[in-house]
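# Per-entry structural report
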Amino acid sequence: LTLDGVELKLPEQKLQRHRGSLTDFLRNLGSMYAVNLLTHAAGLLGKSSVLNLPRVPWRIGMTAFSYVSDSVGLLSGEASSLINAMA
């Protein structure tokens, strides 16, 4: 499987003995390969420039975090002021 010139290789799996139905065995096998595929695809996409989508700058994230933390600080200050006024 190739993804824009990047080769995706799943690790070789050694199957263990299974006691149960064929349906359970196939379900577990499919689940194991699906998890491996998603894990390795996410690792490739996260570490390389395979996707040409612009990434969200850290500045926007930090500004949003700062805004939320300031709002929480303001809210707690107002709440403590209200509690002091009631007492």
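For the structure, check the block above.
What counts, and where the lines are drawn
- Residues numbered from 1 in each chain as written.
- Predicted model: local features only at pLDDT ≥ 70, side-chain atom pairs only at ≥ 80, totals over all residues.
- Heavy atoms only, no water.
- Helix = DSSP H or I, 4+ residues; strand = E, 2+ residues; numbered from the N terminus.
- Buried < 20%, exposed > 50% of the residue type's maximum accessible area, 1.4 Å probe, protein only.
- Contact = heavy atoms within 4.5 Å.
- Salt bridge = Lys/Arg side-chain N within 4 Å of Asp/Glu carboxyl O.
- Patch = residues over 30% accessible without salt bridge, like charges linked within 9 Å, V, L, I, M, F, W, Y side chains within 5 Å.
- Areas by Shrake-Rupley, 256 points an atom, 1.4 Å probe, with all protein chains shown as cover.

Before going further, it helps to examine the overall build of the protein chain. Looking only at helices and strands, the protein chain features 2 helices and 2 strands. Written out in order from the N terminus, the α and β elements of the protein chain read β-β-α-α. Buried residues in the protein chain amount to 5% of all 87 residues. Of the contacts made within the protein chain by residues no fewer than 6 positions apart, 50% connect residues no fewer than 24 positions apart.

Moving on: the pattern of salt bridges. Here the structure, examined in full by the defined rule, presents 1 salt bridge. One salt bridge connects Asp24 with Arg27, and the closest N-O pair in it is separated by 3.2 Å. Highlighted residues: Asp24 and Arg27, both in helix α1 (residues 22-47), separated by 3 residues, approximately one helical turn. Accessibility expressed as a relative area gives 53% for Arg27, which makes it exposed.

This paragraph deals with a nonpolar patch on the surface. On the surface, Leu10, Tyr33 and Leu37 cluster together into a nonpolar patch covering about 230 Å² of accessible area. By the element assignment, Leu10 lies in the loop between β2 (6-7) and α1. For Leu10, a relative accessible area of 35% translates into the label partly exposed.

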